[in-house]
Amino acid sequence: MDINKYLGENTEKENTPPPPPSKWDEVVVPKASYLLTGDVGTGKSAVAYFILERYSEKYGLRPAVVGLPRSKRDLLPDNFKFLEDIMEIASTENSIVFIDEADIQLPLDSNKDKEAVINFLSLPRQRKQIFILAYHFPRLVKGTYLPFFNAFLFKRPPYLLEFAAKKDSGEMKGMMIKAGERFDEMPSEDEVLKNTYVVAPRIRWQGLLQNDLPSFWSQDLSEIWAGTSVEAPQQGEAQVEQLKLSPEGLRKKMKDQGLEDPYWLNVSELQQKCREAGLSTMGNKDDLVLRLFSSLN
């Protein structure tokens, strides 16, 4: 047998052993965003905090977490910064930021707010940041936004992929199928928790990487919302009335108060006004107008 021919034919087989953990150093780089997804209880939080601990030190960045309940913040080291919502990220330069529950905080399921979303995903390149966005349901990530991620980090996908991936997002579903096949080969749940399937287009590589647990890891970090009460914000009568207004009703009310008709402005101009007022720029035109109107009352 020609050994050189044999080696040449088998160099790209999937049964080759995974590369050493140092491959993470090629995957995780500054000024980049990463999409993290996987089924419940497969270790998404563990790999996110592993990356935060390791690469905040390696790149001299401040680790930050968005939306962590106040009652759970003592689970993390003192050097962590806690952000209430994604609007605080723009002013948090030189940081590596974990955005959990990104399905809620930054839905990417349509082109409705495409400009605002693209501006947000471009922040790392402008402010020396790293973003890690964790999505339980990658079906909420439209294919339009995939090129803005440096790599895709998969824990074991849900059993029923049709509930996880959009029908028109063949790229995402294909990656999830490949990841699922690799996790199905693992002999135990322990192995599932220890590994992440990585697709890194920028370095033209995909495969399994072992992720260590961070030094501060505890089971409580994997159940971050356990025992946390969620209270609905209190709304006064005026706020309830505003929320019930139709766009035409809102326009009339603003005109009655002698305010400029904001519907003459386009979405970009409304977003700029929201930024100047320190308000969120997410949402459609009606959302932005209502937000501006509420801030004036």
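Up top is the structure.
Residues numbered from 1 in each chain as written. Predicted model: local features only at pLDDT ≥ 70, side-chain atom pairs only at ≥ 80, totals over all residues. Heavy atoms only, no water.

With respect to the overall build of the protein
For clarity, the threshold we go by: Helix and strand assignments follow DSSP, with helices taken as H or I runs no shorter than four residues and strands as E runs no shorter than two, numbered in order from the N terminus. Note on classification: 1.4 Å probe, protein chains only; a residue is buried when its accessible area is under 20% of the maximum for its type, exposed when over 50%, partly exposed between these limits. The protein chains shown are the only cover counted for residues, whose accessible areas, like all others here, come from Shrake-Rupley with a 1.4 Å probe.
A tally of helices and strands in the protein yields 13 helices and 8 strands. A total of 297 residues make up the protein; the buried ones form 43% of that total. Total accessible area computed for the protein in this model is approximately 16,200 Å², and 51% of it derives from carbon and sulfur atoms.

As for the pairing of strand 1 (residues 32-37)
Where a strand is regular, its side chains alternate between the two sheet faces. Rule in force here: Pairing between strands is defined by DSSP: at least two bridges between them are needed.
Buried residues dominate strand 1, accounting for 6 of its 6 residues. Here strand 1 pairs with strand 5 (residues 129-135) via 6 bridges, running parallel. Paired with Ala32 across the bridge in strand 5 is Ile130. In this structure, strand 1 lies alongside strand 6 (residues 151-154), joined through 4 bridges in parallel fashion. Residue pairing for strand 6: Thr37 is matched across the bridge by Phe154.

A word on the side chain of Asp100
Definition in use: Only four residue types enter the charge count: Lys and Arg as positive, Asp and Glu as negative, with His and the chain ends excluded. Whenever Lys or Arg places a side-chain nitrogen within 4 Å of a carboxyl oxygen from Asp or Glu, that contact is recorded as a salt bridge.
Position of Asp100 relative to the elements: it lies in the loop between strand 4 (95-99) and helix 4 (102-105). For the buried Asp100, no salt bridge exists, and the shortest N-O distance to an oppositely charged side chain is 6.9 Å, to Lys44.

As for the pattern of salt bridges
All chains considered together, the criterion is met by 7 salt bridges. Between Lys23 and Glu26 there is a salt bridge, with its nearest N and O atoms 3.3 Å apart. Of this pair, Lys23 and Glu26 both sit in helix 2 (residues 23-27), separated by 3 residues, roughly a single helical turn. Under the relative-accessibility criterion, Glu26 is labelled partly exposed at 42%. The salt bridge partner of Arg182 is Glu185, with a shortest N-O separation of 3.3 Å.

With respect to the pairing of strand 7 (residues 195-200)
Strand 7 sits mainly inside the fold: 6 of its 6 residues count as buried. Neither face of strand 7 is exposed, since Asn195, Tyr197 and Val199 on one face and Thr196, Val198 and Ala200 on the opposite face are all buried. As paired elements, strand 6 and strand 7 share 3 bridges and run antiparallel to each other. Residue pairing in the sheet places Phe152 in a bridge with Val199 of strand 7. Sheet topology places strand 7 next to strand 8 (residues 205-210); 6 bridges connect them, and they run antiparallel. Each residue of the ladder has a partner; that of Tyr197, found in strand 8, is Leu208. Connecting the antiparallel pair strand 7 and strand 8 is a turn made up of 4 residues, with Arg204 showing a positive phi of about 55 degrees.

Brief notes about unusual backbone geometry
Its identity as a non-glycine residue notwithstanding, Lys31 has a phi of 60 degrees, on the positive side. Here Lys31 shows up in the loop between helix 2 and strand 1. Overall, the relative accessible area of 45% leaves Lys31 in the partly exposed class. Positive phi, close to 55 degrees, is recorded for Arg204, a residue that is not glycine. Here Arg204 shows up in the loop between strand 7 and strand 8. For Arg204, a relative accessible area of 77% puts it in the exposed group.

Observations concerning the sheet that holds strand 7
Note the cut-off: Axis definition: a line fitted to C-alpha atoms, over the contacting stretch in the case of helices. Angles run 0 to 180 degrees between N-to-C directions. The criterion used for residue contact is that any of the two residues' heavy atoms lie within 4.5 Å.
Pairing is mixed across the open sheet formed by 8 strands, whose spatial order is 3-2-4-5-1-6-7-8. The sheet is open, and its two edges are formed by strand 3 (81-83) and strand 8, each paired on a single side. The average undirected angle you get between the axes of adjacent strands in this sheet is 20 degrees. Relative to the sheet, helix 3 (residues 44-59) contacts strand 1, strand 2 (62-66), strand 4, strand 5, strand 6 and strand 7, its axis offset from that of strand 4 by approximately 175 degrees.

Describing helix 5 (residues 114-121)
For clarity, the cut-off: It is the directions from the helix axis to the C-beta atoms that the arc portrays.
Restricting attention to buried positions, one finds in helix 5 the residues Ala116, Val117, Phe120 and Leu121. Taken down its axis, helix 5 places every buried residue within 130 degrees of arc, on the same side.

Describing the packing of aromatic side chains
Rules: For Phe, Tyr and Trp, where Trp contributes only its six-membered ring, two rings pair if their centres lie within 6.5 Å, and the inter-plane angle classes them as stacked under 30 degrees, edge-to-face over 60, or tilted in between.
Under the criterion given, the structure shown has 8 aromatic pairs. Measuring from centroid to centroid gives 5.6 Å for Phe80 and Phe216, while their planes differ by 80 degrees, and the two rings are edge-to-face. With Phe80 in the loop between strand 2 and strand 3 and Phe216 in the loop between strand 8 and helix 9 (219-222), the pair connects residues that are 136 residues apart, well separated along the chain. Take Phe216: its relative accessible area is 14%, and that puts it in the buried class. Put simply, the rings of Tyr49, Phe80, Phe98 and Phe216 pair up and form one aromatic cluster.

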